[in-house]
Amino acid sequence: MKNSTQKSIRTLTLATLILGGLLLLFAYWQMFASIWSDTYIAPIVWIEGQKGWQIAVIIGRLLTLTLIYVFSWIFLRRINRGMETGEVFPKSNIALLRWSALLMVFFSFFWSNIGCALRGESTLQIDSNIIVLPLLALIFAQLYKVAYLAAKDSNLAI
């Protein structure tokens with residue numbers, strides 16, 4: 001692969017990780033500010049019978065967002081390392097993308113319920129993202145697998 005292409009992918013990787021890191025830091029700041037600051041825009045309203053649910057949603061959102069960032073970091077690191085060795089589509093990323101799809105189910109669930117948890121509402125919200133986001137991640141995993149097999153076949157033909 002050409003050096004200019006590798007350099008472009010590394011630059012894009014770095015930009016993606018920086019923006020993702022900023023998003024992660026903002027999510028942590030937002031949660032901590034809403035829990036410990038009464039002057040924040042939307043401080044959390046603790047309800048006695050719902051504290052366990054509220055804490056689970058807050059921790060679940062932060063945990064799944066952190067894991068998605070870590071999975072992204074691993075995915076991009078494997079791509080960059082694979083380019084150095086000549087393997088454009090590392091096979092190990094297929095399983096990582098599939099695990100990311102499963103993680104998207106939980107992430108979408110917590111993301112849709114965070115507003116209710118912060119406002120102290122006892123409602124459970126389920127929206128279409130719980131199905132759509134994981135489905136898209138599985139489609140990308142399958143496309144990645146096809147690209148891996150095509151690259152492998154191309155290397156065998158040479």
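An account of the accompanying structure is given in this report. Quantities reported herein were computed from a predicted structural model and do not represent experimental measurements. Here the residue numbers are simple positions, counted from 1 along each chain's written sequence. For a predicted model such as this one, the threshold for reporting local features is a pLDDT of at least 70, and the threshold for listing and counting side-chain atom pairs is 80 or more; totals across whole chains, interfaces and linings nevertheless cover every residue. To get the side-chain values, take all heavy atoms of the structure and skip hydrogens and water.

## Details of the layout of surface pockets
Rolled over the atoms, a probe sized like a water molecule indicates the empty space that remains.
Alright, step 1. Lining residues are defined by having an atom within 4 Å of a point belonging to a cavity or pocket. Those points lie on a 1 Å grid over the protein atoms alone, cavities being sets where a 1.4 Å probe fits but cannot get out and pockets being open sets with protein on both sides within 12 Å along at least five of seven lines. Grid points are joined across faces, edges and corners, and a volume is the space filled by probe spheres set on the points. One number sums up the size of the largest pocket: a volume of about 550 Å³.
Alright, step 2. What lines the largest pocket is a set of 21 residues, and nearest its centre among them are Ile68, Tyr69, Phe71, Ser72 and Met104.
Alright, step 3. For the lining of the largest pocket, the secondary structure elements donating two or more residues are α1 (3–36), α2 (51–85), α3 (92–119) and α4 (129–157).
Alright, step 4. Across the lining of the largest pocket, the residue classes break down as 17 nonpolar, four polar and no charged.
Alright, step 5. Space inside the second largest pocket adds up to approximately 170 Å³. Comment: elements are numbered from the N terminus, with helices defined as DSSP H or I runs of at least four residues and strands as E runs of at least two. Ten residues, namely Ala, Val, Leu, Ile, Met, Phe, Trp, Tyr, Cys and Pro, are considered nonpolar, four, namely Asp, Glu, Lys and Arg, are considered charged, and the remaining ones, Gly among them, are considered polar.

## Description of the nonpolar core
Alright, step 1. If you look at the biggest cluster of nonpolar residues, it comprises 28 residues, and the most contacted ones within it are Met31, Ile58, Phe75, Ile114, Leu118 and Tyr144.
Alright, step 2. When contributions to this core are tallied by element, the ones reaching two or more residues are α1, α2, α3 and α4.
Alright, step 3. Per-element tally for this core: the top contributor is α3, with 10 residues.
Alright, step 4. Residue contacts for Phe75: discarding those within four places in its chain leaves Asn93, Leu96, Leu97 and Tyr144. For the purposes of this section, nonpolar cores are sets of buried Ala, Val, Leu, Ile, Met, Phe, Trp, Tyr and Cys residues that join through side-chain atoms within 4.5 Å. Burial classification: accessible surface area is computed with a 1.4 Å probe over protein chains only, and a residue below 20% of its type maximum counts as buried, one above 50% as exposed, and the rest as partly exposed. In what follows, residue pairs with any heavy atoms lying within 4.5 Å of each other are defined as contacts.

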